[in-house]
Amino acid sequence: MATLAAALALVTGAGITLANATTGSSRTSATAASPASTGAAAGIAPAMPCASVTGLDLASAVPGTPFEFTSATETSADDNTLGDWAACVVKGVIAPQIHFELRLPRTGWQANYLQLGCGGLCGSVNAGSAPAAAGCVPLTNGAFAVASSDEGHSQGGGLFSTDPALRADFGYKSDHLLAQVAKTVIQKYYGQAATHAYFDGCSQGGHQGLTEAQRYPDDFDGIIAGAPANNFTALNTFSHAWTAQSVFLDGGPATLTTADLTPLHEAVLKGCGTTDGIVTDPLGCTWDPASITCAAGQTSTASDFCLTADQVTTLRRIYSGPTDEHGELLYPGYQLRGSELNWAGIIVPTTATGTTGDMNFVRETIRYQVFDSPQPALTYKDVTFTSSYYKKIMRPNEGMYDATDPDLTAFKKSGGKLILWHGLGDQHIPAVGTMAYYKAVQKAMGGSSRTEDFARLFLLPGVAHCGGGQGPGTLDALTAMVDWVTEGEAPSSLLTTSVGSGGTVTASRPAYPFPYVAENTTGGPADEADSYTPVRSEAEAELSLNWLGSFRSGYETVGNWVHGTWVVTKGKA
């Protein structure tokens, strides 16, 4: 910690509080040894045979959460994608139709529980991969029992939301119910309860993690939320529709296709003054697409790339985000400069008459998720960017779908720790929205130091949605989280890597807590973490958005069947 503080003071002339408020200690997770990084010992043995789990009568063990088992099967370590440990794989259903899978280590269990999130609109059980736990030794050795669910439906579209109960399960309920069930099964299987519980998810999984921290603060000791889709309603309507309408101006053919992205990205890198192919601090870059407008009679080529007037309009809209008639943002974020290569297929189509992921995301939401009855004819073209339409969409839906409450007092009081992380090149969910949410948390919790002692945000330059892209996007935040929860050692950095096809590390870079960025101040190789030191980003620190919405408490709603009628009331569940 002293080394980091000295580097910060030397580079920035200012200090930052990175130590845990309780212990006064901190650790750079990239290099430190710890109980979490040294692997599992012999572990706690099961107290019953795997096959006997399905015979357990736990109907009264979790009041208000009816569930049943469908199978309990022993699997070998060779069949386990999480690590080298044999498991008792328990599958079941939580009423009405939340399918889950729980992997119980047959050896090596260290009284830990890890719950995993899903992606998109979910619809399938993902118990086989942890998005921010690459190389976490305890996970690969069987120290964690691991579970996940499909959030209450079995297809990836939005059709399930036509049922109000399934809408609530997806919006906020399913992870809490799964945590209750999984912990109960764990206690029966091993004869003792899990000592610590953790959550790891990205995208919708990040949304799930923040929902847990906000609504059910006692479920997990540590939550890792990557690229969270926590402002779900506005993201899947206004943000995605805006980029789609910007690319397909006036409903016509696309102004940009994937063939334009490489020369565009090169122009952005030049305009942002980047020399290593990654924009480290994209909020600080204000490059204007109009600077490469085609001259009269000029035709754009790969070697002499320029933009038409329509392309300039498209790019300015993408970089500025969706706004209403008064210029206020309808979603607290926008695409950052340097993310262009990641737009292929999501924001920009392959051909001028092709389709994009944004068009599809909006279609599912606008047809099935935000209105009282299905609207199967609607498309991204039907979204209007006005303050009245914003209220029409947001008021009946944000309370059920969103996880934007910045008051994490109860989570902090329960001892909870939160690691947020987001790729700055994210083509699905703009990282600016996560920065804005984190700043709102800082305000609600009484400042940066009172936030950093339990919650930290790490931003990954060049990294696309939940990984990939141009920057190092593989990380192990789970080891850092376990150290924070069990040893009081807050992560002062996270090591991010790029991994080649053979499994070897081809590049590494540290990520520092917001608003610090990793800059190569040493002149060393750009692909080596030791070349970087933390530098305060003034653009991140001073981020302020003119947003029609707000991060606030009290917007949440809950839904329940009462005498055959679906009743929605205010308040957290």
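Residues numbered from 1 in each chain as written. Predicted model: local features only at pLDDT ≥ 70, side-chain atom pairs only at ≥ 80, totals over all residues. Heavy atoms only, no water.

1. Comments concerning the overall build of the protein chain
A count of helical and extended segments in the protein chain gives 15 helices and 17 strands. For 573 residues, the compact-globule formula gives about 25 Å, and the C-alpha radius of gyration of the protein chain, at 24 Å, lands near that figure. Reported as C-alpha extents along the three principal axes, the dimensions of the protein chain are approximately 80 × 60 × 45 Å. Across the 573 residues of the protein chain, 58% fall into the buried class. Relative to all contacts within the protein chain whose residues are 6 or more apart in sequence, the contacts with residues 24 or more apart total 71%. With an accessible surface of roughly 21200 Å², the protein chain has 50% of that area assigned to carbon and sulfur atoms. Charged side chains in the protein chain number 31 positive and 52 negative. The centres of these two groups are separated by 7 Å. (Helix = DSSP H or I, 4+ residues; strand = E, 2+ residues; numbered from the N terminus. Rg over C-alpha atoms; globule rule 2.2 N^0.38 Å. Buried < 20%, exposed > 50% of the residue type's maximum accessible area, 1.4 Å probe, protein only. Contact = heavy atoms within 4.5 Å. Areas by Shrake-Rupley, 256 points an atom, 1.4 Å probe, with all protein chains shown as cover. Lys, Arg positive; Asp, Glu negative; His and termini not counted. Charge placed at Lys NZ, Arg CZ, Asp CG, Glu CD.)

2. Observations regarding the pattern of salt bridges
Throughout the structure, instances matching the rule amount to eight salt bridges. The closest approach of N and O atoms between R552 and E398, which form a salt bridge, is 2.7 Å. Residue R552 is found in the loop between α15 (538–541) and β16 (557–562), and its partner E398 is found in helix α10 (residues 398–401); the two are separated by 154 residues along the sequence. The salt bridge partner of K412 is D453, with a shortest N-O separation of 3.3 Å. One end of the pair, K412, is in helix α11 (residues 409–413); the other, D453, is in the loop between α13 (448–452) and β10 (455–460), and 41 residues separate them in sequence. (Salt bridge = Lys/Arg side-chain N within 4 Å of Asp/Glu carboxyl O.)

3. Overview of the packing of helix α5 (residues 232–247) against helix α7 (residues 309–320)
Two elements in contact, α5 and α7, have axes whose closest approach is 8 Å; the angle formed by their N-to-C orientations is 170°. The pairing of α5 with α7 is recorded here as roughly antiparallel in orientation. Of the residues in α7, those touching α5 at W242, T243, Q245, S246 and V247 are T314, R317 and I318. (Axes fitted to C-alpha atoms, helices over the stretch in contact; angles between N-to-C directions. Parallel < 35°, antiparallel > 145°, perpendicular 65-115°, else oblique.)

4. Observations regarding the side chain of T479
By secondary structure assignment, the location of T479 is in helix α14 (residues 477–487). Here D476 takes part through its side chain, which lies 2.5 Å from a polar atom of the side chain of T479. (Polar contact = N/O pair within 3.5 Å; in protein donor to acceptor, adjacent residues only side chain to side chain.)

5. Topic: the state of the cysteines
Here a disulfide denotes a covalent bond joining the sulfur atom of one cysteine to the sulfur atom of another. Enumeration according to the criterion identifies five disulfides in this entry. Across the disulfide from C118 sits C122; the S-S distance is 2.2 Å. Across the disulfide from C118 to C122, rotation about the S-S bond amounts to roughly -125°, and the bridge is consequently left-handed. A disulfide bridge connects C294 with C306, and the sulfur atoms are separated by 2.0 Å. Measuring handedness by torsion sign, the sulfur bridge of C294 and C306 sits at about 90° and is right-handed. Here C306 lies in the loop between α6 (261–271) and α7 and C294 lies in the loop between α6 and α7, a separation of twelve residues in the sequence. Owing to a relative accessible area of 18%, C294 belongs among the buried residues under this scheme. When the bonded cysteines of the protein chain are counted from the start of the sequence, the pairing works out to 1-2, 3-4, 5-10, 6-7, 8-9. (Disulfide = S-S within 2.5 Å.)

6. Quick notes on the nonpolar core
Residues L102, L104, Y113 and M435 are the most contacted members of the largest nonpolar core, which totals 107 residues. Ranked by the residues each element gives to this core, the list is headed by helix α3 (residues 164–190), at nine residues. Discounting chain neighbours no more than four positions away, the residues touching L102 are C88, V89, V90, Y113, A145, V146, A147, A182, V185 and I186. Residues A143, V146, V463 and L478 belong to the second largest nonpolar core, which totals 34 residues. (Core = buried A, V, L, I, M, F, W, Y, C linked by side-chain atoms within 4.5 Å.)

7. Topic: the side chain of H240
One can find H240 in helix α5. For H240, a relative accessible area of 4% puts it in the buried group. Contacts of H240, omitting those with residues within four sequence positions, involve L235, D358, F361, V362 and H428.

8. Looking at the packing of aromatic side chains
Considering all chains together, one arrives at 20 aromatic pairs under this definition. Relative to F220, the ring of Y113 lies with its centre 6.5 Å away and its plane at 20°, an arrangement referred to as stacked. In this pair, Y113 is assigned in strand β5 (residues 112–116) and F220 in the loop between α4 (204–215) and β8 (222–226), connecting sequence segments 107 residues apart. With respect to class, Y113 is no different from F220; both count as buried. Measuring from centroid to centroid gives 5.2 Å for F232 and Y401, while their planes differ by 40°, and the two rings are tilted. Note that F232 is positioned in helix α5 and Y401 in helix α10, a separation of 169 residues in sequence. F232 sits in the buried class, given a relative accessible area of 2%. (Phe/Tyr/Trp six-rings, centres within 6.5 Å; stacked < 30°, edge-to-face > 60°.)

9. Some words on the packing of α5 against helix α9 (residues 387–394)
Any two packed helices are characterised by the angle at which their axes cross and by the distance between the axes. With their axes 10 Å apart at the nearest point, α5 and α9 run at an angle of 135° to one another. The pairing of α5 with α9 is recorded here as oblique in orientation. α5 and α9 meet at a crossing whose hand is right-handed. Each of T233, A234, T237 and F238 in α5 lies in contact with α9, whose residues at this interface are Y389, Y390, I393 and M394. (Left-handed = near helix turned anticlockwise from the far one by under 90°.)

10. Things to note about α6
Here α6 has its buried residues at L261, P263, L264, H265, A267, V268 and L269. Against α7 lie the buried residues of α6. Positioned one or two residues after α6, G273 has a phi angle of 70°, which is positive.

11. Describing unusual backbone geometry
Cis geometry marks the peptide bond from A95 to P96, where omega comes out at 0°. In the segment running from F514 into P515, the intervening peptide bond is cis, with an omega of 10°. Here P515 lies in the loop between β13 (505–511) and β14 (516–519). Its identity is not glycine, yet A111 carries a phi of approximately 65°, on the positive side.

12. Here we look at the sheet that holds β8
Consider a sheet: its strands pair through backbone hydrogen bonds, and that pairing is either parallel or antiparallel. With respect to topology, nine strands assemble into an open sheet ordered β2-β3-β4-β6-β5-β7-β8-β9-β10, the strand pairing being mixed. The open sheet has two edge strands, β2 (67–75) and β10, and neither has a second partner. Recorded for the sheet is a direction-independent mean angle of 15° between the axes of neighbouring strands. Sheet analysis places β8 next to strand β9 (residues 417–423), joined by five bridges and oriented parallel. Looking at β9, one finds that I223 is bridged to L418. The strands that α4 touches are β7 (196–202), β8 and β9; relative to β7, the one it contacts most, it runs at about 140°. (Pairing = 2+ DSSP bridges.)

13. Concerning α14
The periodicity of an α-helix, 3.6 residues per turn, causes residues three or four places apart in sequence to face the same way. With nine of eleven residues buried, α14 lies mostly within the body of the structure. Among all positions in α14, only A477, L478, T479, A480, M481, V482, D483, W484 and V485 are buried. One side-chain oxygen of the residue at the start of α14 lies 3.2 Å from the amide nitrogen of L478, identifying that residue as D476. At the exit of α14 stands G488, carrying a positive phi of roughly 70°.

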